[in-house]
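One-letter residues, chain by chain:
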Amino acid sequence: MESEPLTLHSRKSLNLRYNVPISKTSRFWDGLKEGKFVTTKCKSCGEVSFPPQADCPKCMSGEAEWVDMGTDGELLTFTYVQVTPTSFVESDPYTVAVCRLPGGQKVLAWTEGLTREQLKVGMKLRLEARTRSEGSPYYVFVLR
Ligand SMILES: [Zn+2]
């Protein structure tokens, strides 16, 4: 029988800090502050991307226009996260949902104000913008 390699386990916590460049997609974040959801549509092939893309993932064109995504979602699937990953260790258990918006984009977000018993595939949810205490915008699904 092969023996396990010797390993050293550390119990130190690791803080990760992300700096995501958003200069070409800043309009999305600006829209969130006004409660609007916009994303990129390729001027060459018409592909609508979400999250917004600086360059089209289908034809690689760098020419995009902004289109309104709306906020009315249809619940496609969801999962209740009871054992939270390390990066959310401070969070209570939470539910993540995927909804389809009117333009066909699939959006993943946490749900807010809904128990997992209330969630049913096919139900109508609404995308809403929020702002964290430190000022960064995010979005959630709520009952509509
Ligand atoms: Zn394209």
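Coordinates for the structure precede this section.
Residues numbered from 1 in each chain as written. Predicted model: local features only at pLDDT ≥ 70, side-chain atom pairs only at ≥ 80, totals over all residues.

Asks: Would you take a moment to explain the pairing of strand β4 (residues 72-81) for this structure?
Replies: Regular strands place their side chains on alternate faces of the sheet. Relative to strand β7 (residues 124-131), β4 is paired through three bridges, and the arrangement is antiparallel. The residue of β7 that forms the bridge with E74 is K124. One ladder, built from seven bridges, connects β4 with strand β5 (residues 94-100); its direction is antiparallel. The residue of β5 that forms the bridge with E74 is R100. (Pairing = 2+ DSSP bridges. Helix = DSSP H or I, 4+ residues; strand = E, 2+ residues; numbered from the N terminus.)

Asks: Would you take a moment to explain the sheet that holds β7 for this structure?
Replies: Ordered by their spatial adjacency, five strands build a closed barrel running β4-β5-β6-β8-β7, and the pairing between neighbours is mixed. Here the strands of the sheet are splayed against their neighbours by 50° on average, with no regard to which way each runs. As defined by bridge partners, β5 adjoins strand β6 (residues 106-111) across five bridges and the pair is classed as antiparallel. By the bridge assignment, C99 is partnered in β6 with V107. (Axes fitted to C-alpha atoms, helices over the stretch in contact; angles between N-to-C directions.)

Asks: Mind showing me how you'd approach the environment of V48 here?
Replies: With respect to the helices, strands and loops of the structure, V48 is situated in strand β2 (residues 48-49). Classification of V48 by C-beta neighbours within 10 Å gives partly exposed; the count is 19. C-alpha of V48 to C-alpha of Q118: the two residues are 70 residues apart in sequence and 31 Å apart in space. For V48, the residues in contact, after removing those within four places along its chain, are T39, K41, V67, G103 and Q105. (Buried ≥ 20, exposed ≤ 12 C-beta atoms within 10 Å, placed from the backbone. Contact = placed C-beta atoms within 7 Å.)

Asks: Hey, could you run me through the pairing of β6 in this one?
Replies: Taken together, β5 and the strand that follows it, β6, pair antiparallel across an intervening segment of five residues, in which G104 is found at a positive phi of about 100°. Pairing geometry for β6 and strand β8 (residues 137-143), over two bridges, is parallel. Paired with T111 across the two strands is F141, which belongs to β8.

Asks: Mind showing me how you'd approach the nonpolar core here?
Replies: For soluble globular proteins, the rule of thumb is that nonpolar side chains tend to be buried together. If you look at the biggest cluster of nonpolar residues, it comprises 14 residues, and the most contacted ones within it are A97, C99, V107, A109, L127 and F141. The set of elements that each furnish at least two residues to this core consists of α1 (26-33), β5, β6 and β7. Taken domain by domain, the makeup of this core includes at least three residues from each of domain 1 (20-69) and domain 2 (71-144). (Core = buried A, V, L, I, M, F, W, Y, C linked by C-beta atoms within 7 Å. Domains from an automatic or database assignment.)

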